[in-house]
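Residues per chain are reported as follows:
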Amino acid sequence: MTVIPSYDLLLLPGVTYYFQEEYIRRNVDDKLQKGEKVLFALLKEDKDREDMLPEDFYPIGVTGVFEGVDKMGNVAIRTISRM
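Here the structure is a predicted model, which means the values were calculated and not measured. (Residues numbered from 1 in each chain as written. Predicted model: local features only at pLDDT ≥ 70, side-chain atom pairs only at ≥ 80, totals over all residues. Heavy atoms only, no water.)

(A) Just a negative patch on the surface, in detail. Judged by side-chain charge, Asp8, Glu45, Asp46, Asp48, Glu50 and Asp51 come together as a negatively charged surface patch. Tracing the backbone shows aspartate 51 in the loop between strand E3 (37-43) and strand E4 (57-69). (Patch = residues over 30% accessible without salt bridge, like charges linked within 9 Å, V, L, I, M, F, W, Y side chains within 5 Å. Areas by Shrake-Rupley, 256 points an atom, 1.4 Å probe, with all protein chains shown as cover. Salt bridge = Lys/Arg side-chain N within 4 Å of Asp/Glu carboxyl O. Lys, Arg positive; Asp, Glu negative; His and termini not counted. Charge placed at Lys NZ, Arg CZ, Asp CG, Glu CD. Helix = DSSP H or I, 4+ residues; strand = E, 2+ residues; numbered from the N terminus.)

Shown next, in the form of structure tokens:
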């Protein structure tokens with residue numbers, strides 16, 4: 001499972017969201033594979049990735065599945081549930 005730290009996003013389960021490829025690349029170290037599970041870990045405030053600590057996150061997140069990248073470079077992730 002790939003963790004994507006997220007700030008200032010409203011994510012609901014059961015929806016396909018499209019993100020600009022730069023956003024995903026900035027927050028994910030490895031390339032995502034189709035069908036790979038992701039976890040949007042929700043940040044309390046916007047922080048650099050290197051400065052994040054466990055207490056910077058809310059105790060809730062949203063799981064999803066990477067569906068692919070379209071011709072325009074938009075990354076599709078279908079959310080599944082809150083956890």
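(B) Fine view of the pairing of E3. Summarising burial for E3: 6 of the 7 residues are buried, a large majority. Of the pairings in the sheet, the one linking strand E1 (residues 2-6) to E3 comprises 5 bridges and is parallel in character. Bridge pairing in E3 links valine 3 to leucine 39. Two elements, E3 and E4, share 6 bridges in a ladder whose sense is antiparallel. Counterpart to alanine 41 in the pairing with E4 is glycine 61. (Buried < 20%, exposed > 50% of the residue type's maximum accessible area, 1.4 Å probe, protein only. Pairing = 2+ DSSP bridges.)

(C) Expanded view of the environment of glycine 61. With respect to the helices, strands and loops of the structure, glycine 61 is situated in strand E4. Exposure remark for glycine 61: the relative accessible area of 3% places this residue in the buried category. Measuring from C-alpha to C-alpha, the distance between glycine 61 and leucine 43 comes to 9.4 Å, with 18 residues separating the pair along the chain. The residues contacting glycine 61, other than those within four sequence positions of it, are Leu39, Phe40, Leu42, Ser81, Arg82 and Met83. (Contact = heavy atoms within 4.5 Å.)

(D) The nonpolar core, seen in detail. Core analysis: the largest hydrophobic core is formed by 14 residues, its most contacted members being Ile4, Phe19, Ile24, Phe40 and Ile77. Among the secondary structure elements, those contributing two or more residues to this core are strand E2 (16-20), helix H1 (21-27), E3, E4 and strand E5 (74-82). Those residues in contact with phenylalanine 19 that lie beyond four places of it in its chain are Leu9, Leu11, Ile24, Phe40, Gly73, Asn74, Val75 and Ile77. (Core = buried A, V, L, I, M, F, W, Y, C linked by side-chain atoms within 4.5 Å.)

(E) Structural detail: the packing of aromatic side chains. Taken as a whole and assessed by the stated rule, the structure comprises 3 aromatic pairs. Seen from their ring centres, tyrosine 17 and phenylalanine 19 are 6.4 Å apart, and the 40 degrees between their planes marks the pair as tilted. With a relative accessible area of 18%, tyrosine 17 lands in the buried category. Classification of phenylalanine 19 by relative accessible area gives buried; the value is 9%. Ring centres 5.6 Å apart and planes at 15 degrees place the aromatic pair phenylalanine 19 and tyrosine 23 in the stacked group. These aromatic residues form a ring-pair network of at least three members: Tyr17, Phe19, Tyr23 and Phe40. (Phe/Tyr/Trp six-rings, centres within 6.5 Å; stacked < 30°, edge-to-face > 60°.)

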